[in-house]
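Given next are the chains, with one letter for each unit.
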Amino acid sequence: MVKITFPDGAVREYAEGITAMEIAKSISEGLAKKVLAASVNGNIWDATRPISQDSSLKLLTWNEADGKYAFWHSSAHLMAEAVEATFPGVKFWVGPPVEKGYGFYYDIDLGDHKLTEEDLTKLEKKMSELARQNNPYIRKEISKADALKYFTEKGDEYKLDLLQNLEDGNITFYTQGGFTDLCRGPHVPGTGVIKAIKLTSIAGAYWKGDEKNKQLTRIYGVTFPTQKELDEYLQMLEEAKKRDHRKLGKELGIYTMDDDVGQGLIMWLPNGTVVIEELEKLAKETELKAGYKRVVTPHIAKESMYLTSGHLPYYADSMYPPMEVDGEKYYLKAMNCPHHHKIFAAEPKSYRDLPYRLAEYGTVYRYEQSGELFGLMRVRCLHMNDAHIYCTREQFADEFRAVNEMYQKYFAIFGIEKYVMRLSLHSPDKLGKKYVNEPELWKETEEMVRRVLIESKIPYVEVQDEAAFYGPKIDVQIFSVIGREFTLATNQVDFSQGASFKLQYTTPDNRTETPLIIHRAPLGTHERFIGFLLEHYAGNLPLWLSPLQVKVLPISDKFIDYARMVLDTLKNADIRAEIDDRPEKIGRKIRDTEMAKVPYMLIIGEKEVNEQKVSVRRHRKGDLGALDVQVFVNQAVAEIRERVSG
RNA sequence: GCCAGUGUAGCUCAGUUGGCCAGAGCAGCUGAUUUGUAAUCAGCUGGUCGGGGGUUCGAAUCCCUCCACUGGCUCCA
């Protein structure tokens, strides 16, 4: 007998070799139908796998993330079965659930066959057919020799490659219907639970994620236990598209692009420019208070500077090719730091000048691969909320902490809550290649940064091999509405460029030292930040950021004179306001203004003129009643000044 | 850069077994309407069907090529 402990603490005894599925059935048939997998002593298992010792047990259904994981993992096998049945002789790499998000994929070598959209429809049908057969997923432990034999006979070199890294005695096969795969599982009990199937896209994916390798065909799909859930999922995708920054950016007149201008080159329209200027105002106010000095630097520089900075060997692929002028090569700048270092070096510095903080909304150009460009989030000309802080080792922790506090302050203003702080570390095996070869400095500065994060009690995750070439960094990761991850903001340590540029300051005991440098961009770039904000606010920008803040809506032209007076009052209070003097009905004017997402509407008719008031309507909230003009102006000005969010 | 898909008016989209001057709604313009919290009515304007080349008596529709965008891969603020 084995003792099974349930999540509620109850303990029951069962015959040795009982399965989670049998236990579920003993509780209720209804429950058993929902069980997808089981957590046995914290390990995720097949519900049909025998339990041979005392265990804690949690039954996993669609409601648990691990249940979904098994469901989609099994769906990938089902898709593979359909692919193999349809295109015999294909070879399989791996087919996991999508890491963050919904569904699964499988990377497949289809030989000469080019997969089309029609094939997807065919495969969906085949999958449904196989699912209806409700074939069990059968787990089998297999020796490495037998596994090698199986895939050698099948001629699947990808699976043989996988097997090489696996230890004998630790290898399992799963078979459902006519398809057998090397897999550690777990899987759902049978294909019958997969009721709703949608294959979503075809993509190329380099084998092992290395662009030097062959590109396999990746098929993405998503499945659900019911058609209703699939429909809801597709509906959700439609909703997400509505708040895509590319759609909103067009609708709200934020930015445009043009074939003649070039890929990834954003032109900010008047509305977008207002948002930019408000963000810069915020940055300038904040940085002034924090002791930064502002500078302006050119957009190009000679090759020699980027050789000094060390960017050219590490970063050349991401820079526009140089132009030749007077026999010299000039590069469009891809970063502002070298220019700032030159400003630091322009005059001798003493320890009394430190920390020396230089800020610039710098325009930089990056030659991103064409396939990587994405709306405002990934572009080739960007405007960075950049600054460089030159400080002593003793000052470093305080400076780094102050930058983190600046982030927190900004994020509070924008109501940004969903993000991941990532401590990005180097990878020791890439020293001298991707990272400057200073093992000791890496160790020291990574520890410094980690300590600041711990002391500040900021939750974070550590990630290897994501550092800048000159030092570790903290990245703020956010997700676009379609689920793509981006670094919104960054705070970087640089222990390398100070020496490269021979930057020095005089110490109190009259020696010379090289400063540490902090690169920071808490508001990231205008492009990515505004792209993010549009999605974050679903286009409903807070009053202070709104290109048009107030629209005055006279009910008929009898009241236009008074409405124009109100408009002047608003403008004199530095409120961005317009009047809708078209001969339209008020319902129409309100509708148009609501759709333009203008925060406030002031409606003016006979009553308002007589009482010298305005009727206030708030976007998405409706009628707020009548107010004295001056009272409204005072409220609006306060809302703008305090940068009230939402 | 690679794999796949898409590209028709300012916007959203019809039009593909190749065939009369390429359509609709919204927007815009003109006129009428003078209006109380999400669409007043009528008329009109507007398109090298992404660019170029080819097949054909005839191409938005078929083929080639280039460009851009979209979904991924690689890469990154």
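Residues numbered from 1 in each chain as written. Chains lettered and ligands numbered in written order. Predicted model: local features only at pLDDT ≥ 70, side-chain atom pairs only at ≥ 80, totals over all residues. Heavy atoms only, no water.

Caption draft 1: Local environment of the overall build of chain A. Within chain A, the secondary structure is distributed over 20 helices and 35 strands. Along the three orthogonal principal directions, the C-alpha set of chain A runs to about 80 × 75 × 55 Å. The proportion of buried residues among the 646 residues of chain A is 51%. Sequence-distant contacts in chain A: of pairs separated by 6 or more residues, those separated by 24 or more amount to 68%. Summed over all atoms, the accessible surface of chain A reaches about 31,400 Å², with 49% contributed by carbon and sulfur. For chain A, the distance from the average position of its 87 positive side-chain charges to the average position of its 96 negative side-chain charges is 2 Å. (Helix = DSSP H or I, 4+ residues; strand = E, 2+ residues; numbered from the N terminus. Buried < 20%, exposed > 50% of the residue type's maximum accessible area, 1.4 Å probe, protein only. Contact = heavy atoms within 4.5 Å. Areas by Shrake-Rupley, 256 points an atom, 1.4 Å probe, with all protein chains shown as cover. Lys, Arg positive; Asp, Glu negative; His and termini not counted. Charge placed at Lys NZ, Arg CZ, Asp CG, Glu CD.)

Caption draft 2: View of the side chain of Arg380. Mapped onto the elements, Arg380 comes out in the loop between β22 (356–365) and β23 (381–391). For the buried residue Arg380, which engages in no salt bridge, the nearest side chain bearing the opposite charge is Glu368, 7.2 Å off. A distance of 2.6 Å separates a polar side-chain atom of Arg380 from the backbone oxygen of Glu368. Arg380 has contacts with Gln263, Gly264, Leu265, Tyr320, Val364, Tyr365, Arg366, Tyr367, Glu368, Gln369, Ser370 and Leu373, leaving out every residue within four places of it along the chain. (Salt bridge = Lys/Arg side-chain N within 4 Å of Asp/Glu carboxyl O. Polar contact = N/O pair within 3.5 Å; in protein donor to acceptor, adjacent residues only side chain to side chain.)

Caption draft 3: Here's a closer look at the protein's contact with RNA strand B. Looking at RNA strand B, there are 58 residues lining it, with Gln215, Ser370, Glu372, Thr487 and Arg588 nearest. Residue Lys473 places a side-chain N or O atom 3.3 Å away from a phosphate oxygen belonging to RNA strand B. Arg484 is positioned such that a nitrogen or oxygen atom in its side chain is 3.1 Å from a phosphate oxygen of RNA strand B. If you list the elements that add at least two residues to the surface near RNA strand B, you get β13 (196–206), β14 (215–224), β27 (485–494), α18 (586–595), α19 (606–611) and β34 (613–618). Here the surface near RNA strand B gets seven residues from one element, more than from any other, and that element is α18. The residue makeup of the surface near RNA strand B, split by class, is 18 nonpolar, 15 polar and 25 charged. (Near = heavy atom within 4 Å. Nonpolar A, V, L, I, M, F, W, Y, C, P; charged D, E, K, R; others polar.)

Caption draft 4: Fine view of the nonpolar core. Grouped together as the largest cluster of nonpolar side chains are 93 residues, with contacts concentrated most on Phe414 and Leu570. Per-element accounting of this core gives the leading share, nine residues, to helix α13 (residues 393–414). Both of domain 3 (255–536) and domain 4 (550–641) provide at least three residues apiece to this core. Once you skip the residues sitting within four places of it in the chain, Phe414 turns out to touch Leu279, Leu282, Leu523, Phe529, Leu533, His536, Tyr537, Trp544, Leu545 and Ser645. (Core = buried A, V, L, I, M, F, W, Y, C linked by side-chain atoms within 4.5 Å. Domains from an automatic or database assignment.)

Caption draft 5: View of the sheet that holds strand β29 (residues 512–513). Reading across the sheet, the three strands line up as β21-β28-β29 and stay open at both edges, with mixed pairing between neighbours. Whereas interior strands pair on both sides, the edge strands pair on one side only; in this sheet they are β21 (349–350) and β29. (Pairing = 2+ DSSP bridges.)

Caption draft 6: Focus on the packing of aromatic side chains. By the definition in use, this model includes 32 aromatic pairs. Ring centres 5.4 Å apart and planes at 45 degrees place the aromatic pair Phe224 and Tyr233 in the tilted group. No difference in accessibility class separates Phe224 from Tyr233, as the two residues are buried. The structure contains a cluster of three or more aromatic residues connected by ring pairs, namely Trp62, Phe71, Trp72, Tyr102, Phe224 and Tyr233. The residue whose ring lies beneath Lys208 is Trp207, and the NZ or CZ to ring-centre distance is 4.7 Å. Taking the ring centre of Tyr356 as reference, the NZ or CZ of Lys349 above it sits at 4.6 Å. (Phe/Tyr/Trp six-rings, centres within 6.5 Å; stacked < 30°, edge-to-face > 60°. Lys NZ or Arg CZ within 6 Å of the ring centre and 35° of its normal.)

Caption draft 7: Focus on the pattern of salt bridges. Across all of its chains, the model carries 48 salt bridges by this definition. Across the pair Glu360 and Lys333 runs a salt bridge, and its minimum N-O distance is 3.9 Å. Placement of the pair is Glu360 in strand β22 and Lys333 in the loop between β20 (328–332) and α12 (337–345), with a sequence separation of 27 residues. Taken individually, Glu360 and Lys333 each receive the classification buried, so the pair is uniform in this respect. Across the salt bridge formed by Glu368 and Arg378, the nearest N and O atoms sit 2.6 Å from each other. Highlighted residues: Glu368 in the loop between β22 and β23 and Arg378 in the loop between β22 and β23, separated in sequence by ten residues. Overall, the relative accessible area of 23% leaves Arg378 in the partly exposed class. Bridged by salt links that share partners, the residues Arg422, Glu466, Lys473 and Asp475 form one connected network.

Caption draft 8: Inspection of the domain arrangement of chain A at higher detail. Looking at the assigned domains, one finds that chain A contains domain 1 (2–60), domain 2 (65–242), domain 3 (255–536) and domain 4 (550–641). Computed over C-alpha atoms only, the centres of domain 1 and domain 4 are separated by 65 Å.

Caption draft 9: Region of the structure containing the sheet that holds strand β32 (residues 577–579). If you walk across this open sheet you meet the five strands as β32-β31-β33-β34-β35, and the pairing is mixed. Two strands lie at the open edges of the sheet, namely β32 and β35 (622–628), each paired on one side alone. Between one strand axis and the next, the sheet turns through 25 degrees on average, direction left out of account. Across three bridges, strand β31 (residues 550–554) lies against β32 in parallel orientation. Counted as the bridge partner of Val550 is Ala577 from β32. Across the sheet, helix α20 (residues 629–641) is in contact with β31, β33 (600–604), β34 and β35; its angle to β35 comes to roughly 115 degrees. (Axes fitted to C-alpha atoms, helices over the stretch in contact; angles between N-to-C directions.)

Caption draft 10: Local environment of the pairing of β31. Across the five residues of β31, five count as buried, placing the element largely inside the fold. Covered by surrounding structure in β31 are Val550, Val552 and Pro554 together with Lys551 and Leu553, the residues of both alternating faces. As for the winding sense of the linkage, the β-α-β connection from β31 through helix α17 (residues 560–572) to β32 is right-handed. Relative to β33, β31 is paired through five bridges, and the arrangement is parallel. Along β33, the bridge assignment pairs Leu553 with Ile603. (Right-handed = clockwise from strand over helix to strand, strands pointing away.)

Caption draft 11: Structural context of the state of the cysteines. Inspection of the entire model under this criterion finds zero disulfides. We note that Cys337 lacks a disulfide partner, and the nearest cysteine sulfur, in Cys391, lies 15 Å from it. Residue Cys391 is classed as buried on the basis of its relative accessible area, which comes to 0%. (Disulfide = S-S within 2.5 Å.)

Caption draft 12: Layout of the packing of helix α9 (residues 270–289) against α13. Two numbers describe how α9 lies on α13: the axes approach to 12 Å, and their chain directions differ by 145 degrees. Every pair of crossing elements has a handedness; the one defined by α9 and α13 is right-handed. Along its contact with α9, which presents Leu279, Leu282, Ala283, Thr286 and Glu287, the element α13 presents Met406, Lys409, Tyr410, Ile413 and Phe414. Here the residues of the contact of α9 with α13 sort into seven nonpolar, one polar and two charged. (Left-handed = near helix turned anticlockwise from the far one by under 90°.)

Caption draft 13: A nonpolar patch on the surface, seen in detail. Residues Tyr102, Met236 and Leu237 make up a contiguous nonpolar surface patch of roughly 260 Å² in combined accessible area. Along the chain, Met236 falls in helix α7 (residues 227–242). (Patch = residues over 30% accessible without salt bridge, like charges linked within 9 Å, V, L, I, M, F, W, Y side chains within 5 Å.)

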